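Understanding the architecture of this molecule
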Amino acid sequence: MAREGNLEAPTRHPLAWTEANFWDETRLESELERVFNICHGCRRCVSLCNAFPTLFDLIDNSSTLEIDGVAKTDYAKVVEHCYLCDLCYQTKCPYVPPHQWNVDFPHLMLRAKAVHFKRHGVPLKAKILSSTTTVGRMASIPVVAEVVNAVNASGVGRKLLDKTLGVHPDAMVPAYHSRTARKRLRHAKAEGTATPAGRTHGKVAIFATCYCDVSLPQVVDDLHAVLIHNGIPTRMVMQEVCCGMPKLELGDLDSVRAYKERNIPVLAALAREGF
Ligand code: SF4
Ligand code: SF4
């Protein structure tokens, strides 16, 4: 029997999304009930995000003060608040595998999101906002970027954004840059002699991410400058697409797989070159 909490890394089981049981709504519901009940008895994660307070409020406001007093239709309210940061699994939970209770809260939330996505889909606005590669490419075209930034900075533009894409008028929205990180650093060739350090070969290929590429290119520029200053051969990953996180948060696993199939060969080739 595994001990409750220890200093060993948890065992993470792969998401079983290719198995039929994964998509079975009755099984999902009973697994949600099982894990929610364990969390109710534990409550360590109450401060991590809004998923746990939502769950505990549902239980505390129910007629039985237990998980059986919560309507199953309300489980989605908990799932909605999880943004899959993995903090509860990685840092807090003493019941992760190999513990026999086998609690993997983020994977369970992801499963619930995936089942919901498959059954109900998501609104067009969620699809647009999560298509960060496409949106970033379009919004970072010279002149278009300036127009988009001006509209996003105006009261009228923010009202429009609220009405069309559901972006709250007070929410921070990123600026777009036409001089993207990949444009700025396309000539970076990772020249020089790499000095292996530990298990690494001492060479770096930067996976910029959509956000840093088009909205925070200075961060990538700075990172590159620091690495070069320290004698570390550095280049960009030039053919990357979205890492898939926005689609993962929607439970759109097919899109995540499509991105993975484009990114992994590029990254694997770089890894074989010693990056
Ligand atoms: S993985 Fe989800 S439930 Fe866990 S801390 Fe992050 S947001 Fe909260
Ligand atoms: S995820 Fe684990 S640590 Fe967090 S409330 Fe649930 S049982 Fe407790």
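The structure presented is a predicted model; accordingly, all values stated were derived computationally and were not measured. (Residues numbered from 1 in each chain as written. Chains lettered and ligands numbered in written order. Predicted model: local features only at pLDDT ≥ 70, side-chain atom pairs only at ≥ 80, totals over all residues. Heavy atoms only, no water.)

1. Thoughts on the site of ligand 2
Note the cut-off: Note on terminology: near, applied to a residue and a molecule or strand, indicates that one of the residue's heavy atoms is within 4 Å of it. The rule is simple: put a 1 Å grid over the protein atoms alone, call a set of points where a 1.4 Å probe fits but cannot get out a cavity, call an open set with protein on both sides within 12 Å along at least five of seven lines a pocket, and count a residue as lining if it has an atom within 4 Å of a point. Being in a pocket or cavity means that more than half of the molecule's atoms lie within 2 Å of its grid points. Secondary structure follows DSSP: runs of H or I at least 4 residues long count as helices, runs of E at least 2 residues long count as strands, and numbering of each begins at the N terminus. We call Asp, Glu, Lys and Arg charged. Ala, Val, Leu, Ile, Met, Phe, Trp, Tyr, Cys and Pro are nonpolar, and the rest, Gly among them, are polar.
Taken together, the residues surrounding ligand 2 are Ile38, Cys39, Cys42, Arg43, Arg44, Cys45, Phe52, Cys93, Pro94 and Tyr95. Under a 2 Å grid-point criterion requiring more than half of the atoms, the pocket assigned to ligand 2 is the largest cavity. Counting residues per element, the shell around ligand 2 draws most heavily on helix H1 (residues 25–42), at three residues. Taken together, the residues of the shell around ligand 2 break down into eight nonpolar, no polar and two charged.

2. Let's talk about the site of ligand 1
Residues in contact with ligand 1, as listed here, are Leu48, Cys49, Phe52, Cys82, Tyr83, Leu84, Cys85, Asp86, Cys88, Phe105 and Pro106. Of all the cavities here, the one that holds ligand 1 is the second largest cavity.

3. What about the packing of helix H8 (residues 144–153) against helix H9 (residues 155–165)?
Here is the rule we go by: With axes taken as lines fitted to C-alpha atoms, and helix axes fitted only over the stretch in contact, angles between N-to-C directions fall between 0 and 180 degrees. An angle counts as roughly parallel when it lies under 35 degrees, as roughly antiparallel when it exceeds 145, as roughly perpendicular when it falls between 65 and 115, and as oblique in every other case. Between two residues, a contact is recorded if the distance between any of their heavy atoms is within 4.5 Å.
Running from N to C, H8 and H9 point in directions that differ by 90°, and their axes come no closer than 5 Å. Classed by the angle they form, the pair H8 and H9 counts as roughly perpendicular. On H9, the residues touching Val151, Asn152 and Ala153 of H8 are Gly155, Gly157, Arg158 and Leu161. Among the residues making up the contact of H8 with H9, the classes are represented as three nonpolar, three polar and one charged.

4. A short note on the pattern of salt bridges
Heads up, the rule is: For salt bridges, the criterion is a side-chain nitrogen of Lys or Arg within 4 Å of an Asp or Glu carboxyl oxygen. Residue exposure (1.4 Å probe, protein chains only): buried if accessible area is under 20% of the type maximum, exposed if over 50%, otherwise partly exposed.
The final tally for this structure, using the stated rule, is twelve salt bridges. The closest approach of N and O atoms between Asp60 and Arg43, which form a salt bridge, is 2.9 Å. Taken together, the positions of Asp60 in helix H2 (residues 51–60) and Arg43 in the loop between H1 and H2 put the pair 17 residues apart, joining distant regions of the chain. Overall, the relative accessible area of 37% leaves Asp60 in the partly exposed class. The salt bridge partner of Asp74 is Lys77, with a shortest N-O separation of 3.0 Å. With a relative accessible area of 44%, Lys77 lands in the partly exposed category. It is possible to trace a salt-bridge network through shared partners that takes in Arg12, Asp86 and Asp104.

5. Details of the domain arrangement of the protein chain
Counted only if it meets this: Boundaries between domains were set according to an automatic or database domain assignment. What counts as buried area is the accessible surface, traced by a 1.4 Å probe, that two parts surrender upon association, with contributions from both included.
In terms of domains, the protein chain is made up of domain 1 (20–120), domain 2 (125–165) and domain 3 (181–272). One C-alpha centre belongs to domain 1, the other to domain 3; they are set 33 Å apart. Across the boundary between the two partners, domain 1 contributes eight residues, which contact seven residues of domain 3. At the boundary of domain 1 with domain 3, total buried surface from both sides reaches about 630 Å², with 72% on carbon and sulfur atoms. Its largest share of buried area at the contact with domain 3, domain 1 owes to Leu84, Leu110 and Phe117, together 58% of the area lost on that side. Connecting domain 1 to domain 3 are zero salt bridges.

6. Remarks on the layout of surface pockets
Convention followed: Grid points are joined across faces, edges and corners, and a volume is the space filled by probe spheres set on the points.
The calculated volume of the second largest pocket comes to roughly 400 Å³. Around the second largest pocket, the lining is made up of 16 residues, and of these Ala16, Glu31, Asn102, His107 and Arg111 lie nearest the centre. Those elements that provide at least two residues to the lining of the second largest pocket are H1 and helix H5 (105–120). A class-by-class count of the residues in the lining of the second largest pocket yields seven nonpolar, four polar and five charged.

7. Some remarks on helix H7 (residues 132–139)
Using the following cut-off: Comment: arc refers to directions from the helix axis out to C-beta atoms.
Looking only at H7, the buried set comprises Thr133, Gly136 and Ala139. The buried side chains of H7 occupy one side of the element, clustering within an arc of 145° when seen end-on. Looking at the buried residues of H7, the elements they touch are H8 and helix H11 (210–214).

8. Quick look at the environment of Tyr83
Relative to the elements of secondary structure, Tyr83 occurs in the loop between helix H3 (75–81) and helix H4 (87–92). Accessibility expressed as a relative area gives 43% for Tyr83, which makes it partly exposed. Between the C-alpha atoms of Tyr83 and Asn50, which are 33 residues apart in sequence, the distance is 9.6 Å. Filtering out sequence-adjacent residues up to four positions away, Tyr83 remains in contact with Leu48, Cys49, Met245 and Glu249.

9. Focus: the environment of His13
Within the secondary structure, His13 sits in the segment before H1. The class of His13 is partly exposed, set by a relative accessible area of 43%. With 167 residues separating them along the chain, His13 and Thr180 place their C-alpha atoms 37 Å apart. In contact with His13, not counting residues within four places along its chain, are Pro97, Asn102 and His107.

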